[in-house]
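Geometric and topological summary
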Amino acid sequence: MDNNWLDLLQNTTQLPEVLETNRYTERFGLTVSEQDAQRILENRKRTLQEQRRVEFGSGCVTKLMYEFCDSAYIDQNNYVDTIIRLQDIFYLYKNEMNDEMTDDELIHLMKEQYEKLCFGDPDYLESTCLAEFAQAVRAGYRGFRETDGYGAYSAFDRQERWNDELYEETLADLCGR
C-alpha cells in the first residue's frame, strides 16, 4: 500500500470539498474536474512536505478557489495552474511570516496585490509584494490584523509605479525633450 492512512483519509475528505467549489465558481466560468482536483491536492501534499507543514481539512485550497475565482486574470485555461501556484506561494509565506497571519489575512493580502499591483503575475506577487511584506511581519508589523489583511501592503510598497507624472517624464525622455 503506497499511501498511509492519513493520506487516504485526507484524499477522501478533501476531494469532495474541492469539487464542491464548482457550485460557486462556475458563475465565473471556472470549474475543476475530479482529475483537476486530484492534481491540486497532490500538489498540496507535495508543497506541504517541502514546506514541512502539517494541515488537516482542505486548508487554503478551497479558500483560494473562492477568493480568486472572480479575478480578472484567471480563466478556465489557467485556473488549475494558477490555484496550484497560489497554493505554493501561500504555504511558502505562511512559513516566511512565521504563521503570524491567519489564512484569511494572508489570502486577502494575496488577492488584493494579485489584482491591483501584480496584474495577475504570481511571480511578482511572490518575489516582490509578499517578500517585502514578510520582512515587515518578521520585524514586528501587525497592522494587518485591524483590516483582516486588506490594504496592509501599501505602507511597505517600495516599487515605483506608473502614474501621470512618471508617464510624462518617461515620454519626455523617450522623445528627447
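What this report covers is the structure whose coordinates are included nearby. Because the structure is a prediction, the values reported are computed rather than measured.

Some remarks on helix α7 (residues 122-138)
The sharpest bend along α7 reaches about 40 degrees and sits at Leu130. Those residues of α7 that fall on the buried side of the exposure criterion are Leu125, Thr128, Cys129, Leu130, Glu132, Phe133, Ala134, Ala136 and Val137. At its buried positions, α7 is contacted by α5 (79-96), α6 (103-116) and α8 (144-147). Just downstream of α7, Gly140 is the residue with a positive phi angle, here 115 degrees.

Here we look at the side chain of Glu115
Inspection of the secondary structure puts Glu115 in helix α6. Although Glu115 lies buried, it forms no salt bridge, and the closest oppositely charged side chain, Lys111, sits 4.7 Å away as judged by the N-O distance. Beyond its immediate chain neighbours, meaning those up to four positions away, Glu115 contacts Ser71, Ala72 and Tyr73.

Thoughts on the packing of aromatic side chains
In total, this model carries nine aromatic pairs according to the counting rule given. With 5.8 Å between their ring centres and 85 degrees between their planes, Phe133 and Tyr141 make a pair best called edge-to-face. Over the ring of Phe68 we find Lys111, and its NZ or CZ is 6.0 Å from the ring centre.

Considering the pattern of salt bridges
For the structure on display, the rule yields 14 salt bridges. In this structure, Asp123 and Arg85 form a salt bridge, with 2.6 Å as the shortest nitrogen-oxygen distance. Taken together, the positions of Asp123 in helix α7 and Arg85 in helix α5 put the pair 38 residues apart, joining distant regions of the chain. For the salt bridge of Lys94 with Asp99, the shortest nitrogen-to-oxygen distance reads 3.9 Å.

Re the nonpolar core
Residues Met97, Leu106, Leu109, Met110, Leu125, Leu130 and Phe133 are the most contacted members of the largest nonpolar core, which totals 43 residues. When residues of this core are traced back to their parent elements, those giving at least two are α1 (5-20), α3 (34-50), α4 (60-68), α5, α6 and α7. Ranked by residue count, the leading element in this core is α5, at 10 residues. With near-sequence residues (within four places) excluded, Leu130 lies in contact with Ile89, Tyr93, Met97, Leu106, Leu109, Met110 and Leu125.

Focus on the side chain of Ser71
Residue position: Ser71 is located in the loop between α4 and α5. With a relative accessible area of 6%, Ser71 lands in the buried category. A distance of 3.0 Å separates a polar atom in the side chain of Ser71 from the backbone nitrogen of Tyr73. A distance of 2.3 Å separates the side chain of Ser71 from the side chain of Glu115, its partner in a polar contact. Leave out the neighbours within four places in its chain, and Ser71 touches Lys111, Tyr114 and Glu115.

Focus on the packing of α5 against α6
Following both chains from N to C, one finds α5 and α6 inclined at 125 degrees, their axes separated by 11 Å at the closest point. If you check the angle between α5 and α6, you find them oblique. Considering how the two elements wind past one another, α5 and α6 form a crossing that is right-handed. For the pair α5 and α6, the contacting residues are Thr82, Leu86, Ile89, Phe90, Tyr93 and Lys94 in the first and Asp103, Leu106, Ile107, Met110 and Tyr114 in the second. Split by residue class, the contact of α5 with α6 holds eight nonpolar, one polar and two charged.

What counts, and at which threshold
Residues numbered from 1 in each chain as written. Predicted model: local features only at pLDDT ≥ 70, side-chain atom pairs only at ≥ 80, totals over all residues. Heavy atoms only, no water. Bend = angle between axes of the 7 residues up to and from the residue. Helix = DSSP H or I, 4+ residues; strand = E, 2+ residues; numbered from the N terminus. Buried < 20%, exposed > 50% of the residue type's maximum accessible area, 1.4 Å probe, protein only. Contact = heavy atoms within 4.5 Å. Lys, Arg positive; Asp, Glu negative; His and termini not counted. Salt bridge = Lys/Arg side-chain N within 4 Å of Asp/Glu carboxyl O. Phe/Tyr/Trp six-rings, centres within 6.5 Å; stacked < 30°, edge-to-face > 60°. Lys NZ or Arg CZ within 6 Å of the ring centre and 35° of its normal. Core = buried A, V, L, I, M, F, W, Y, C linked by side-chain atoms within 4.5 Å. Polar contact = N/O pair within 3.5 Å; in protein donor to acceptor, adjacent residues only side chain to side chain. Axes fitted to C-alpha atoms, helices over the stretch in contact; angles between N-to-C directions. Parallel < 35°, antiparallel > 145°, perpendicular 65-115°, else oblique. Left-handed = near helix turned anticlockwise from the far one by under 90°. Nonpolar A, V, L, I, M, F, W, Y, C, P; charged D, E, K, R; others polar.

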